[in-house]
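# Per-entry structural report
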There are 2 protein chains.
Amino acid sequence: MFTQSPYFERLIEVFRNLPGVGRKSAERYALHLLSMAPERVYDFSDAIRAAREHISWCPICRNLTDTSPCAICASGRRDRATICVVEQPSGAMAIEKGGSYRGLYHVLHGVLDPLEGVGPEELRLDLLLKRLEDGEVKEVIVATNATAEGEATALYLARRVGAQGVKVSRIAHGVPMGGGVEYADSVTLARALDGRSRL
Amino acid sequence: MFTQSPYFERLIEVFRNLPGVGRKSAERYALHLLSMAPERVYDFSDAIRAAREHISWCPICRNLTDTSPCAICASGRRDRATICVVEQPSGAMAIEKGGSYRGLYHVLHGVLDPLEGVGPEELRLDLLLKRLEDGEVKEVIVATNATAEGEATALYLARRVGAQGVKVSRIAHGVPMGGGVEYADSVTLARALDGRSRL
């Protein structure tokens, strides 16, 4: 039967590589693709190849970019005294969407995880520390995720960056805007109370 | 900023073509793809192109296939006296997964929809009727969806196929196996009562 077609099986397998996509969704995507006009399918295929060929990591901040350095590192309108450290390009993208941050970035592409062999070298902290040498950067904001690994990475960064005499700060954790206090979990509430500020 | 990269935007746009994928999921897929090793990304791209190039519609039953005719039409082990009519290849695939159906298929690739210009010609009912001419086929089972269009298409098929002296049947509609009667909607329950069988 058709489902044994190696081309169809391969199509399902590649879709299953996507995050959160199981066998059922992958089949649905594959069947939908095969119902599309051939030129649109080739366009799909080409878009994937083109993205991989043209998008790479910025040599300065390691964010995704199709220019070298990236538009943010090259911009004359960004605040060059601040660097925000994020785990993934998606973090930088989320902060950019907010639109209020005007500084630069450093993308770790991971978190410290000694058991998995991820140390400061893999996160290229050398690149970050080198950017602090000329004294232009006054503050490093650590925006790693609020997970055990993210917190540990933040503490490590605080020590290393602090040793170079640069101010290190951590983004605030607390009740999300628009979120009711009664819906926040206890750990978030404890952090919100600890991080209270004077009105 | 990076999100303005035309390559990234194009990648998001093509992912948004997939069923049920909005902007957020498309961004997640795109970022995940860019975090994968280049050879795996090229493999993704190639799998899509290869599927489109090698998979087409069976000239007999219009199911998806990478051979001509398809494996089911060519098989000597299928019951050639029965044809099951489905709207989409996904319907045939679901029935094949059940494993109990041993007959052949006809895939409509749509339903009758006069307002959208979909008539019997678009569904290639001529191909189906032609297969009934030599008298080998004894029964046509209509497994179109239980929607207004699917029902209308089933009734139209019953008239056309019946006129050729071939038995036409409709798959049963009722409470799904494993489903509680109290959770079934009223239309389904009415169909289940109408379609009751003697124990």
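Source: prediction; values computed, not measured.

Rules of the game
- Residues numbered from 1 in each chain as written.
- Chains lettered and ligands numbered in written order.
- Predicted model: local features only at pLDDT ≥ 70, side-chain atom pairs only at ≥ 80, totals over all residues.
- Heavy atoms only, no water.
- Domains from an automatic or database assignment.
- Least-squares fit on C-alpha atoms with pLDDT ≥ 70 in both.
- Contact = heavy atoms within 4.5 Å.
- Buried area = accessible area lost by both parts, 1.4 Å probe.
- Salt bridge = Lys/Arg side-chain N within 4 Å of Asp/Glu carboxyl O.
- Polar contact = N/O pair within 3.5 Å; in protein donor to acceptor, adjacent residues only side chain to side chain.
- Helix = DSSP H or I, 4+ residues; strand = E, 2+ residues; numbered from the N terminus.
- Nonpolar A, V, L, I, M, F, W, Y, C, P; charged D, E, K, R; others polar.

## Considering the domain arrangement of chain A
When cut into domains, chain A gives domain 1 (2-54) and domain 2 (64-198). The C-alpha-based centres of domain 1 of chain A and domain 2 of chain A are spaced at 35 Å.

## Section: the relation of the copies chain B and chain A
Expressed as a screw operation, the relation of chain B to chain A combines 0.0 Å of axial shift with a rotation of 180°, fitting to an RMSD of 0.1 Å. The two molecules are tied by a two-fold rotation axis, judged by turn and shift. Identified as the residue of chain B closest to the rotation axis by C-alpha distance is Ser45(B), at 2.2 Å. Of the residues that chain B buries at the interface, 100% are likewise interface residues in chain A, meaning the two copies contact each other through the same surface.

## Describing the interface of chain B and chain A
On the chain A side, the residues contacting the 51 residues of chain B number 51 residues. Of the roughly 5,300 Å² buried at the junction of chain B and chain A (both faces included), carbon and sulfur atoms supply 69%. Counting the surface chain B buries against chain A, the share from its top three residues, Tyr7(B), Ile48(B) and Arg52(B), is 13%. For the pair chain B and chain A, the interface holds six salt bridges. The shortest N-O distance in the salt bridge between Arg49(A) and Asp46(B) comes to 3.2 Å. Counting the contacts that link chain B with chain A gives 20 residue pairs in polar contact (both at pLDDT 80 or more). Elements with a minimum of two residues in the side of chain B that touches chain A: helix 1 (6-16), helix 2 (23-35), helix 3 (38-54), strand 2 (64-65), helix 4 (71-74) and helix 5 (89-98) of chain B. Top element by residues in the side of chain B that touches chain A is helix 3 of chain B. It accounts for 16 residues. By residue class, the composition of the side of chain B that touches chain A is 30 nonpolar, nine polar and 12 charged.

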